[in-house]
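Each chain, letter by letter, is given below.
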Amino acid sequence: MSKSERMAKSAAVGTLMVLAATGCGGAMNNGNVSPDSVEKKAHTLTQQALDALTPVIGSADTSVEHQGWKQCSTETPGNHRFEYTYILKLDVLVQDPEAALAAAKAHFAKEGYLPGPPQTGRVSASEAHSTWGVAVGVDDDKKSMFISVDSDCVFTTHDPPKTGSSS
């Protein structure tokens, strides 16, 4: 992966965090969400985005490019707040990047997501009543795409593992 691709993916995750921080998702569960259920939701949102892309891009080999937990910088005593990020890489030659991004954007609209700011080579959105954000992008070389999902800070029942999966 090139430096510009890594920067683009970081920007997509950053956009998701800005969406959540600006009020595009404020539902809190006050500690009743298990880390496992957070990971499952991330995988579900990723699969839904992939399903929306498949008619346009065809089948793609996929690999997990990143998944992990990060403790939120502001803690509430007695509560556990963590952020989970999941990035799936799609190895596919993207014949029509605009059509692929339009399919992702249509999926977001159909699901009632709030659109993120316009960006070249990617689209992002957040769930209307939660902190979750999803981004879909086409890498610079047009030989791959990514789907990035971010929970933002969520209250969890217990501390998740610092890296990898809690399953």
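Located above this text is the structure these notes cover.
About the criteria used
Residues numbered from 1 in each chain as written. Predicted model: local features only at pLDDT ≥ 70, side-chain atom pairs only at ≥ 80, totals over all residues. Heavy atoms only, no water. Salt bridge = Lys/Arg side-chain N within 4 Å of Asp/Glu carboxyl O. Helix = DSSP H or I, 4+ residues; strand = E, 2+ residues; numbered from the N terminus. Buried < 20%, exposed > 50% of the residue type's maximum accessible area, 1.4 Å probe, protein only. Core = buried A, V, L, I, M, F, W, Y, C linked by side-chain atoms within 4.5 Å. Contact = heavy atoms within 4.5 Å. Pairing = 2+ DSSP bridges. Phe/Tyr/Trp six-rings, centres within 6.5 Å; stacked < 30°, edge-to-face > 60°.

Q: Got a minute to help me understand the pattern of salt bridges in this structure?
A: Pairing is possible between side chains of opposite charge, provided their charged atoms come close. The final tally for this structure, using the stated rule, is 4 salt bridges. The salt bridge partner of Lys-41 is Glu-127, with a shortest N-O separation of 2.8 Å. One end of the pair, Lys-41, is in helix 2 (residues 35–57); the other, Glu-127, is in the loop between strand 4 (122–126) and strand 5 (133–138), and 86 residues separate them in sequence. Of the residues examined, Lys-41 reaches a relative accessible area of 28% and is grouped as partly exposed. Accessibility expressed as a relative area gives 16% for Glu-127, which makes it buried. Across the salt bridge formed by Lys-70 and Glu-83, the nearest N and O atoms sit 3.9 Å from each other. Placement of Lys-70 in strand 1 (residues 61–71) and of Glu-83 in strand 2 (residues 80–91) is noted, with a sequence separation of 13 residues between them. Judged by its relative accessible area of 4%, Glu-83 falls in the buried class.

Q: Would you explain the environment of Glu-111 in this entry?
A: Counting through the fold element by element, Glu-111 comes out in the loop between helix 3 (97–110) and strand 3 (114–115). When the C-alpha atoms of Glu-111 and Glu-127 are compared, they prove to be 8.2 Å apart, with 16 residues separating the residues in sequence.

Q: It is not clear to me how the nonpolar core should be interpreted in this structure. Could you clarify?
A: Nonpolar side chains tend to gather and get buried jointly when the protein is soluble and globular. Core analysis: the largest hydrophobic core is formed by 32 residues, its most contacted members being Leu-53, Leu-90, Phe-108, Val-136, Met-145 and Ile-147. Elements with a minimum of two residues in this core: helix 2, strand 2, helix 3, strand 4, strand 5 and strand 6 (144–156). Ranked by residues supplied to this core, first place goes to helix 2 with 7 residues. Look past the residues within four positions of Phe-108 in its chain and what remains in contact with it is Tyr-113, Val-123, Ser-124, Ala-125, Val-134 and Val-136.

Q: Sorry, what's going on with the sheet that holds strand 6 here?
A: Whenever strands of a sheet pair, they do so through backbone hydrogen bonds, lying parallel or antiparallel. The sheet built from 6 strands is open, its strands ordered 1-2-6-5-4-3 with antiparallel pairing. The open sheet has two free edges, formed respectively by strand 1 and strand 3, since each of these has just one partner strand. Where strand 4 meets strand 5, 5 bridges bridge the pair, whose relative direction is antiparallel. Bridge assignment links Val-123 to a residue of strand 5, and that residue is Val-136.

Q: I would appreciate a short explanation of the pairing of strand 5 in the present structure.
A: A regular strand carries its side chains on alternate faces of the sheet. For strand 5, the buried fraction is high: 6 of the 6 residues fall into the buried class. Remark: 6 residues form the turn of the hairpin made by strand 4 and strand 5, two consecutive strands paired antiparallel. Here 6 bridges tie strand 5 to strand 6, and the two strands are oriented antiparallel to one another. Within the sheet, the bridge partner assigned to Gly-133 lies in strand 6 and is Asp-150. Between the antiparallel neighbours strand 5 and strand 6 lie 5 residues, among them Lys-142 with a positive phi of about 60°.

Q: Explanation requested: the packing of aromatic side chains in the structure shown.
A: Two aromatic rings, taken as a pair, are described by how far apart their centres are and by the angle between their planes. Evaluated as defined, the whole model comprises 3 aromatic pairs. With centroids separated by 6.5 Å and ring planes inclined at 85°, the aromatic side chains of Trp-69 and Phe-82 adopt a geometry described as edge-to-face. Taken together, the residues span a long stretch of sequence, with Trp-69 in strand 1 and Phe-82 in strand 2 at a distance of 13 residues. A relative accessible area of 6% places Trp-69 in the buried class. Under the relative-accessibility criterion, Phe-82 is labelled buried at 1%. Pairing Phe-108 with Tyr-113 gives two aromatic rings, centres 5.5 Å apart and planes at 25°, and the pair type is stacked. In this pair, the class of Phe-108 matches that of Tyr-113, namely buried. Joined through ring pairs, the aromatic side chains of Trp-69, Phe-82 and Tyr-84 make up one cluster.

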